[in-house]
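Structural features, examined
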Amino acid sequence: MTERLQKVLARRGLGSRRHCEDLIHAGRVTVNGMVAMLGDKVDPHAVDIRIDGELLYPPEPHRYIKLNKPPGYLCSTQSQGGHPTIFNLVPIPERIHPVGRLDLESEGLILLTNNGELTQRLTHPSYQHEKEYRVLFEESPSHTQLSHWQGGVLLPDGYLTKRSHISVQSQEQGQTWCNVILREGRKRQIRTMASVLGLTVLRLIRIRIATLALGSLAPGNWQDCSIAERDALLALLEVN
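This report concerns the structure included in the present document. The structure displayed is predicted, hence computed values, not measured ones.

Cut-off values and rules
- Residues numbered from 1 in each chain as written.
- Predicted model: local features only at pLDDT ≥ 70, side-chain atom pairs only at ≥ 80, totals over all residues.
- Heavy atoms only, no water.
- Helix = DSSP H or I, 4+ residues; strand = E, 2+ residues; numbered from the N terminus.
- Buried < 20%, exposed > 50% of the residue type's maximum accessible area, 1.4 Å probe, protein only.
- Polar contact = N/O pair within 3.5 Å; in protein donor to acceptor, adjacent residues only side chain to side chain.
- Contact = heavy atoms within 4.5 Å.
- Pairing = 2+ DSSP bridges.
- Salt bridge = Lys/Arg side-chain N within 4 Å of Asp/Glu carboxyl O.
- Core = buried A, V, L, I, M, F, W, Y, C linked by side-chain atoms within 4.5 Å.

Turning to the side chain of Asn114, a few remarks are in order. Within the fold, Asn114 resides in the loop between β9 (107-113) and α3 (116-123). Residue Asn114 is classed as buried on the basis of its relative accessible area of 12%. At 3.1 Å, the side chain of Asn114 and the backbone oxygen of Pro61 are in polar contact. Apart from residues no more than four positions distant in its own chain, Asn114 is found in contact with Glu60, Pro61, His62, Arg63, Arg95, Ile96 and His97.

What follows concerns the environment of Lys66. Topologically, Lys66 is positioned in strand β7 (residues 64-69). A sequence separation of 160 residues divides Lys66 from Ser226, and the C-alpha atoms of the two residues are 9.8 Å apart. For Lys66, the contacting residues outside a window of four places in its chain are Leu109, Ile110, Leu212, Ala213, Leu214, Leu217, Asn221, Trp222, Gln223, Cys225 and Glu229. A polar side-chain atom of Lys66 sits 2.9 Å from a polar atom in the side chain of Glu229.

With that settled, consider the sheet that holds strand β6 (residues 54-55). Each strand in a sheet pairs with another by means of backbone hydrogen bonds, the pair being arranged parallel or else antiparallel. Sheet architecture is open: four strands sit in the order β3-β2-β5-β6, paired in antiparallel fashion. Of all strands in the sheet, those with a lone pairing partner are β3 (34-35) and β6, marking the two edges. Across two bridges, strand β2 (residues 29-31) lies against β3 in antiparallel orientation. Note on β3: the bridge partner recorded for Thr30 is Val35.

Per the stated rule, a full pass over the model turns up 17 salt bridges. The partner of Asp103 in a salt bridge is Arg188, and the shortest N-O contact between them spans 3.4 Å. Here Arg188 lies in the loop between β12 (175-182) and α5 (189-196) and Asp103 lies in the loop between β8 (97-98) and β9, a separation of 85 residues in the sequence. A relative accessible area of 43% means that Arg188 is categorised as partly exposed. With its nearest N and O atoms 3.0 Å apart, the salt bridge here joins Asp103 to Arg191. You can see Asp103 sitting in the loop between β8 and β9 and its partner Arg191 sitting in helix α5, a full 88 residues away along the chain. The pair formed by Asp103 and Arg191 is uniform in burial state, with each residue classed as buried. Ionic contacts of the salt-bridge type, sharing partners, join the residues Lys7, Arg17, Glu117 and Glu238 into one network.

Judged by nonpolar contacts, the single largest core of 30 residues is most densely connected at Leu112, Phe137 and Trp149. When residues no more than four places from it in sequence are discounted, the contact partners of Trp149 are Phe137, Ser164, His165, Ile166, Val180, Ile190, Met193, Ala194 and Leu197. Counting 15 residues, the second-largest nonpolar core is a separate cluster that includes Leu111, Leu122, Ile209 and Leu233.

This part is about the pairing of strand β11 (residues 165-172). Pairing analysis gives seven bridges linking β11 to β12, with the strands arranged antiparallel. Bridging across to β12, Ser170 finds its partner in Trp177. Linking β11 back to β12 in an antiparallel pair, the connection comprises two residues, with Gln173 at a positive phi of about 50°.

This part takes up the pairing of strand β13 (residues 201-209). Where β9 lies against β13, two bridges are found, and the strand directions are parallel. Bridge pairing in β13 links Glu107 to Ile205. As judged from the seven bridges shared by strand β10 (residues 131-137) and β13, these two strands associate in the antiparallel manner. Looking at the pairing, Val135 lines up with Leu204 of β13. What sits between the antiparallel neighbours β13 and strand β14 (residues 212-213) is a turn of two residues, in which Ala210 has the positive phi angle 55°.

Okay, structure coming up:
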């Protein structure tokens, strides 16, 4: 079965399809000893593909893992300050990476994969894939604060956040659970938006990334995505 060369390269972890197209344009890719052209289709199991003369080996099978990250774990491959990392929770032989991050004290859904093309698609701001959170505030947000949140918040660094969704879910003893949906993912964005508006975040739990939901997965546990979950994620690659 043949497929476009840039798609084969991207699936083998060489970056986004656009980056792989640039490699082909630059003449750095050969197929069976001939310089490849953009638009070439290949059977990746039947041809000799090289980058700068280096042979590409068959790709490692892709894995798609969802993890319910507890607080206190770093989204990093190396410990810092004595804190454990999410890879202490997912001891598998494959080299995988998190798609986006959660800060140390935040909780919830982390997608781990070795599919670089999917990672680029889910994290690049131009695609604006939704990320959904449950957020516990110390206080009850006012109508004004909710309105400002939804319309965009000017952060201390001068960045104006995009329009987003926030709705009150429940209240108890003065504290308030809200549902928040963002289409961008700046570092510590929810905590910073809350601080600017005079709100205090007590807990922050991510429950969805695009089509992938946390579901009933317990904190600290992980599992391979189901076939349906995997196929829904891969379908995002076909959307322009």
